[in-house]
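Chain by chain, the residues run as shown.
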Amino acid sequence: QVQLVESGGGLVQAGGSLRLSCAASGRSFGSYFMAWFRQAPGKEREFVASISPRGGTTSFTDSVKGRFTISRDNAKNTGYLQMNSLQPEDTGVYYCAAKTIYRNEYNYWGQGTQVTVSS
């Protein structure tokens, strides 16, 4: 079992930056894939970025490539999403998620943190 708690959301102007954190509790965080998803008002939740258990492989949705960075510190049981050059279309609730290497879908989720980008 893994419990995830996001933090770092807030209100920022277009062009600004935010850093989201995902604190994990439970065993063996370093053996889990971790990802960030977001859900904009009136839209379905969408994948943003993912990182492999040891951090060697990352993946991003096209709309955030070159602007967002995903990282993790397994010693601190924490994952991060650095978001730069934020745009109004990045507004939404951002969720941290985790899964083991044996699963296709993410099955552990945080409660979400709100990110609002004003124009």
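Residues numbered from 1 in each chain as written. Predicted model: local features only at pLDDT ≥ 70, side-chain atom pairs only at ≥ 80, totals over all residues. Heavy atoms only, no water.

## Details of unusual backbone geometry
And then number 1: Positive phi values are uncommon outside glycine, yet Asn 77 reaches one of about 55°.
And then number 2: Along the chain, Asn 77 falls in the loop between strand E7 (68-73) and strand E8 (78-83). (Helix = DSSP H or I, 4+ residues; strand = E, 2+ residues; numbered from the N terminus.)

## With respect to the state of the cysteines
And then number 1: Scanning all chains against the criterion turns up one disulfide.
And then number 2: Here Cys 22 engages in a disulfide with Cys 96; their sulfurs sit 2.0 Å apart. Residues Cys 22 and Cys 96 are joined by a disulfide whose S-S torsion is about -75°; by sign, that bridge is left-handed. Here the residue Cys 22 occupies a position in strand E3 (residues 18-26), and Cys 96 occupies one in strand E9 (residues 92-100), the gap between them amounting to 74 residues. (Disulfide = S-S within 2.5 Å.)

## A few points about the sheet that holds E7
And then number 1: The antiparallel open sheet is built from four strands, whose spatial order is E1-E3-E8-E7. Sheet topology places strand E1 (2-7) and E7 at the edges, where each strand pairs with a single neighbour. Strand-to-strand twist in this sheet, taken as the mean axis angle between neighbours without regard to direction, amounts to 15°.
And then number 2: Pairing geometry for E7 and E8, over six bridges, is antiparallel. Directly across from Ile 70, in E8, lies its bridge partner Leu 81. (Pairing = 2+ DSSP bridges. Axes fitted to C-alpha atoms, helices over the stretch in contact; angles between N-to-C directions.)

All quantities given are derived from atomic positions and should not be read as evidence of function.
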